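# Structural overview
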Amino acid sequence: MYVRSGKTAFLVDTPPELREACIELGISKVDAVVVTHAHMDHIAGFDDVRRFNTLNGGAVLKCYAAPETVASMRQVFPYITTKANTQGLFRPMIDFTPVTRAFRIGCVKVTPLPAEHGGPRTNGYLFEAEGRRIAYISDCISIPARTMAKIRDVDVMVVDCLRERAHPTH
């Protein structure tokens, strides 16, 4: 998902075909990345974020996620750093930032929304900017009451819908 509000632009998750999607959709500005959870269908395209380091003048990008997700990301992508490589290799420059409460990316307030996904901790997110509230919960089997209270009366709700039959994690 690509979020843009005012001068702020960021990605929510980085699926396997991220590079192709960014080219097809003309996405040339990304200030940060927000990750819901560390399943490969949500992070396999993360390495392609390096292009936005270049487009942002070599700036380090922030990646926000739950502490458990940050730990998983560091295991999957151990070569990611916050410093430019002096040996001519170009690696993504990312500042992994664990989040447990609301934070800001530019003009957008982002609130983690815990959801049950039958495995690792999964967060959806509430995005608030320009008087609008959008809730995004990509993968879940259920939504806890405390999360439901935070998303009451949102303007737009994006929620998991894998299929109509019961599924153990969606």
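The coordinates are above.
Here is what the cut-offs are and how they apply
- Residues numbered from 1 in each chain as written.
- Predicted model: local features only at pLDDT ≥ 70, side-chain atom pairs only at ≥ 80, totals over all residues.
- Heavy atoms only, no water.
- Helix = DSSP H or I, 4+ residues; strand = E, 2+ residues; numbered from the N terminus.
- Buried < 20%, exposed > 50% of the residue type's maximum accessible area, 1.4 Å probe, protein only.
- Polar contact = N/O pair within 3.5 Å; in protein donor to acceptor, adjacent residues only side chain to side chain.
- Contact = heavy atoms within 4.5 Å.
- Salt bridge = Lys/Arg side-chain N within 4 Å of Asp/Glu carboxyl O.
- Pairing = 2+ DSSP bridges.
- Axes fitted to C-alpha atoms, helices over the stretch in contact; angles between N-to-C directions.
- 1 Å grid on protein atoms, 1.4 Å probe; cavity = no way out; pocket = protein on both sides within 12 Å on 5 of 7 lines; lining within 4 Å.
- Points joined across faces, edges and corners; volume = space filled by probe spheres on them.
- Nonpolar A, V, L, I, M, F, W, Y, C, P; charged D, E, K, R; others polar.
- Core = buried A, V, L, I, M, F, W, Y, C linked by side-chain atoms within 4.5 Å.

Turning our eyes to something else, we now look at the side chain of His 42. Turning to its location among the elements, His 42 is positioned in helix α2 (residues 40-43). A relative accessible area of 7% places His 42 in the buried class. A polar contact of 3.0 Å, which involves the side chain of His 42, links it to the side chain of Asp 139. Apart from residues lying up to four places away in sequence, His 42 is in contact with Asp 13, Thr 14, Pro 15, Thr 36, His 37, Ser 138 and Asp 139.

Scanning the entire structure with this criterion turns up five salt bridges. Between Lys 29 and Asp 31 there is a salt bridge, and its shortest N-O distance comes to 2.8 Å. Of the charged contacts in the structure, one is a salt bridge between Arg 132 and Asp 155, with a shortest N-O distance of 3.9 Å. Here Arg 132 is found in strand β9 (residues 132-137), whereas its partner Asp 155 is found in the loop between α5 (145-151) and β10 (156-159), with 23 residues between them in sequence. By relative accessible area, Arg 132 is classed as partly exposed at 45%.

Right, let's get into the sheet that holds strand β5 (residues 94-98). Hydrogen bonds between backbone groups are what pair the strands of a sheet, and the pairing can be parallel or antiparallel. Ordered in space as β1-β2-β3-β4-β5, the five strands form an open sheet in which the pairing is mixed. Bordering the open sheet on either side are β1 (2-5) and β5, each of which pairs with just one other strand. Along the sheet, successive strands turn relative to each other by an average axial angle of 25°, direction set aside. When β1 meets strand β2 (residues 8-12), the two strands line up antiparallel, connected through four bridges. Across the sheet, the residue bridging to Val 3 is Phe 10, located in β2.

With that settled, the discussion passes to the side chain of Thr 147. One can find Thr 147 in helix α5. Its relative accessible area of 0% is what places Thr 147 among the buried residues. Apart from the residues within four sequence positions on either side, Thr 147 is in contact with Leu 113, Pro 114 and Ile 137.

Another aspect to go through is the layout of surface pockets. Approximately 190 Å³ is the volume attributed to the largest pocket. Considering only enclosed or pocket space, the second largest pocket measures out at about 150 Å³ in volume. Surrounding the second largest pocket, Met 1, Val 3, Arg 4, Ser 5, Val 108, Phe 127, Glu 128, Ala 129, Glu 130, Arg 132 and Ile 134 form its lining. Among the secondary structure elements, those contributing two or more residues to the lining of the second largest pocket are β1, β8 (122-129) and β9. Residues of the lining of the second largest pocket, tallied by class, amount to six nonpolar, one polar and four charged.

Attention now moves to the sheet that holds β8. With mixed pairing, five strands are arranged side by side in an open sheet as β6-β7-β8-β9-β10. Lying at the two open borders of the sheet, with one neighbouring strand each, are β6 (103-105) and β10. Neighbour to neighbour, the strand axes of the sheet diverge by 25° on average, direction disregarded.

All right, on to the environment of Phe 127 then. With respect to the secondary-structure elements, Phe 127 resides in strand β8. The exposure class of Phe 127 is buried, given its relative accessible area of 5%. On a C-alpha basis, the gap between Phe 127 and Val 154 in space is 9.6 Å, while along the polypeptide they are 27 residues apart.

Our next topic: the nonpolar core. Ranked by size, the top nonpolar core spans 20 residues in total, and within it Phe 46, Ile 94 and Phe 96 carry the most contacts. Those elements giving two or more residues to this core turn out to be α1 (18-25), β4 (61-65), α4 (67-76) and β5. Here this core gets three residues from one element, more than from any other, and that element is β4. If we skip the residues at most four places from it in the chain, Phe 46 touches Thr 14, Val 33, Cys 63, Met 73, Phe 77, Ile 80, Ile 94 and Phe 96. In terms of nonpolar packing, the next biggest core, distinct from the first, is built from 15 residues, Val 3, Phe 103, Ile 105 and Val 108 among them.

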